[in-house]
Amino acid sequence: MARKVADCRKSPSVSRCTLTISGEENEVVRAATEHAVSVHGHADGPELRQAVRASLEDEKHQGQSA
């Protein structure tokens, strides 16, 4: 199973957050949602979790080109 990445730098943010979270998809969705709520003030709910899941990318390993 490919690891997934959520990267705050790819979403507009007043705080200019640079956090990156990687792991298995469900772990990343859970952690990134908690981060979005606690740090960025988003309301937790199915819409936020769906948006987080849609924004995930496969983790690139060293040696892989972009």
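These figures come from a predicted structure and were not determined experimentally. (Residues numbered from 1 in each chain as written. Predicted model: local features only at pLDDT ≥ 70, side-chain atom pairs only at ≥ 80, totals over all residues. Heavy atoms only, no water.)

## Remarks on the packing of helix H1 (residues 25-38) against helix H2 (residues 46-55)
Next, step 1: Put simply, H1 and H2 touch, their axes get as near as 9 Å, and they point 125° apart. As summarised for this structure, H1 and H2 are arranged oblique, according to the angle between their axes. Considering only the axes of H1 and H2, their crossing is right-handed. Contacts from Glu25, Asn26, Val29, Arg30, Ala32, Thr33, Ala36 and Val37 in H1 reach Leu48, Arg49, Val52 and Arg53 in H2. (Axes fitted to C-alpha atoms, helices over the stretch in contact; angles between N-to-C directions. Helix = DSSP H or I, 4+ residues; strand = E, 2+ residues; numbered from the N terminus. Parallel < 35°, antiparallel > 145°, perpendicular 65-115°, else oblique. Left-handed = near helix turned anticlockwise from the far one by under 90°. Contact = heavy atoms within 4.5 Å.)

## So, the nonpolar core
Next, step 1: Listed in full, the nine residues of the largest apolar core are Ala6, Ile21, Val28, Val29, Ala32, Ala36, Leu48, Val52 and Leu56.
Next, step 2: Residue assignment for this core shows that the elements contributing at least two residues are H1 and H2.
Next, step 3: With four residues, the single largest contributor to this core is H1.
Next, step 4: Contacts of Leu48, omitting those with residues within four sequence positions, involve Thr33, Ala36, Val37, His42 and Ala43. (Core = buried A, V, L, I, M, F, W, Y, C linked by side-chain atoms within 4.5 Å. Buried < 20%, exposed > 50% of the residue type's maximum accessible area, 1.4 Å probe, protein only.)

## Side note on the sheet that holds strand S1 (residues 4-7)
Next, step 1: Judged by pairing direction, the sheet is antiparallel, and its three strands sit side by side in the order S2-S1-S3 without closing on themselves. Edge positions in the sheet fall to strand S2 (20-23) and strand S3 (57-58), since each has one partner strand and no second.
Next, step 2: Bridge count for S1 against S3 is two bridges, and the pairing is antiparallel. Paired with Val5 across the bridge in S3 is Glu57.
Next, step 3: Its contacts with the sheet put H1 on S1 and S2, and the angle it makes with S2 is roughly 155°. (Pairing = 2+ DSSP bridges.)

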